[in-house]
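Working through the structure, step by step
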Amino acid sequence: MKKPNALMLSFLLTGSLVFFGCGGEKSTETESAGTEMEGMETEKKASQEQRASPLREIAGKIGDKDLKIQYGAPSVKGRVVWGDIAPYNEVWRTGANEATFVEFSKDVLVEGKELPAGKYSLFTIPKATGKWTVIFNSEWDLEHGHFQYKLENDVLRVESQPLWEESSQEQLTIAIESPGIVVRWEKLKLPIAIQ
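What comes next is a walk through the structure. (Residues numbered from 1 in each chain as written. Predicted model: local features only at pLDDT ≥ 70, side-chain atom pairs only at ≥ 80, totals over all residues. Heavy atoms only, no water.)

Some points on the overall build of the protein
When helices and strands are counted, the protein shows two helices and 10 strands. Along the protein, helices and strands appear, N-terminal first, in the series α-α-β-β-β-β-β-β-β-β-β-β. When the 195 residues of the protein are sorted by exposure, 33% land in the buried category. Within the protein, contacts between residues separated by at least 24 positions form 54% of all contacts whose residues are at least 6 apart in sequence. Summed over all atoms, the accessible surface of the protein reaches about 12200 Å², with 54% contributed by carbon and sulfur. (Helix = DSSP H or I, 4+ residues; strand = E, 2+ residues; numbered from the N terminus. Buried < 20%, exposed > 50% of the residue type's maximum accessible area, 1.4 Å probe, protein only. Contact = heavy atoms within 4.5 Å. Areas by Shrake-Rupley, 256 points an atom, 1.4 Å probe, with all protein chains shown as cover.)

Take a look at the structure:
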């Protein structure tokens, strides 16, 4: 008696798989490709959302010059940022993970100094007091940020005065706003003048 039940069960299961496997409309290659692309985009977004420091990309204009910035946005998470996560007097990637990069469509003036159009990694040297050093480096595609930084690839170094605010910002942001680029994290506001 048990053998017929097992046989019947396997027959039903096989029949169901054949029925559902063959049913439905066939999609065209274009529809399949679109579905695959959507899946990859969703997967890419999901992997970026899983990063501890999400990858951000912004674009804007300064006058008639197009500007694009990409950076990893770390959060404070109760940690000491200045002098610890971003040590004083050492090159910092100004973000998290890979190097932050900035791309200018035309030549610009940064803190009054000329910088040719192009793509640059953006580094800073935080200081306990006084102005910070802002660095534009020709090696913009650095997978490990400041760990691959090389001084000889610096295109421009300028100084910028940090401002310390009362309120604290949990996640780092880099914005295209007056006077050019503004970095904010924890209580820091670092304006970098660009024309």
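Still more to cover.
What to know about the pairing of strand β7 (residues 132-137)
Taken across its six residues, β7 has six buried, putting it largely inside the fold. A loop of six residues connects strand β6 (residues 118-125) with β7, the two strands running antiparallel in sequence, and Gly-130 in this loop sits at a positive phi of about 85 degrees. Where β7 and strand β8 (residues 154-160) come together, six bridges link them in antiparallel fashion. Opposite Ile-135, over in β8, you have Arg-157 as the bridge partner. (Pairing = 2+ DSSP bridges.)

A word on the environment of Ile-194
Mapped onto the elements, Ile-194 comes out in the segment after β10 (180-193). Given a relative accessible area of 4%, Ile-194 falls into the buried group. Along the backbone, Ile-194 and Leu-115 are 79 residues apart, and their C-alpha atoms lie at a distance of 9.8 Å. Excluding residues within four positions of it along the chain, Ile-194 makes contact with Ile-62, Phe-104, Val-108, Leu-109, Val-110, Pro-179, Gly-180 and Ile-181.

Describing the nonpolar core
Core analysis: the biggest nonpolar cluster contains 31 residues, and Phe-104, Val-110 and Phe-136 have the highest contact counts within it. A total of six residues in this core trace back to one element, the largest contributor, which is β10. (Core = buried A, V, L, I, M, F, W, Y, C linked by side-chain atoms within 4.5 Å.)

Regarding the environment of Ile-176
Position of Ile-176 relative to the elements: it lies in strand β9 (residues 163-177). When its relative accessible area of 23% is taken as the criterion, Ile-176 is described as partly exposed. Between the C-alpha atom of Ile-176 and that of Gly-60, which follows or precedes it by 116 residues, the distance is 6.4 Å. Excluding residues within four positions of it along the chain, Ile-176 makes contact with Ile-58, Ala-59, Gly-60, Lys-61, Ile-62, Leu-67 and Ile-69.

Some words on the sheet that holds strand β3 (residues 101-104)
Across the sheet, which stays open at both edges, the six strands sit in the order β1-β2-β3-β6-β7-β8 with antiparallel pairing between neighbours. Since the sheet does not close on itself, it has two edges, and those belong to β1 (55-62) and β8, each with one partner. Pairwise comparison of adjacent strand axes, ignoring direction, gives a mean angle of 25 degrees for this sheet. Judged from the eight bridges that link them, β1 and strand β2 (residues 65-72) form a sheet pairing that is antiparallel. When the bridges of β2 are listed, Gly-60 appears paired with Leu-67. (Axes fitted to C-alpha atoms, helices over the stretch in contact; angles between N-to-C directions.)

Side note on the side chain of Asp-154
Counting through the fold element by element, Asp-154 comes out in strand β8. Of the polar contacts made by the side chain of Asp-154, one reaches the side chain of Asn-137; its length is 2.8 Å. A distance of 2.7 Å separates a polar atom in the side chain of Asp-154 from a polar atom in the side chain of Tyr-149. In contact with Asp-154, not counting residues within four places along its chain, are Ile-135, Phe-136, Asn-137 and Tyr-149. (Polar contact = N/O pair within 3.5 Å; in protein donor to acceptor, adjacent residues only side chain to side chain.)

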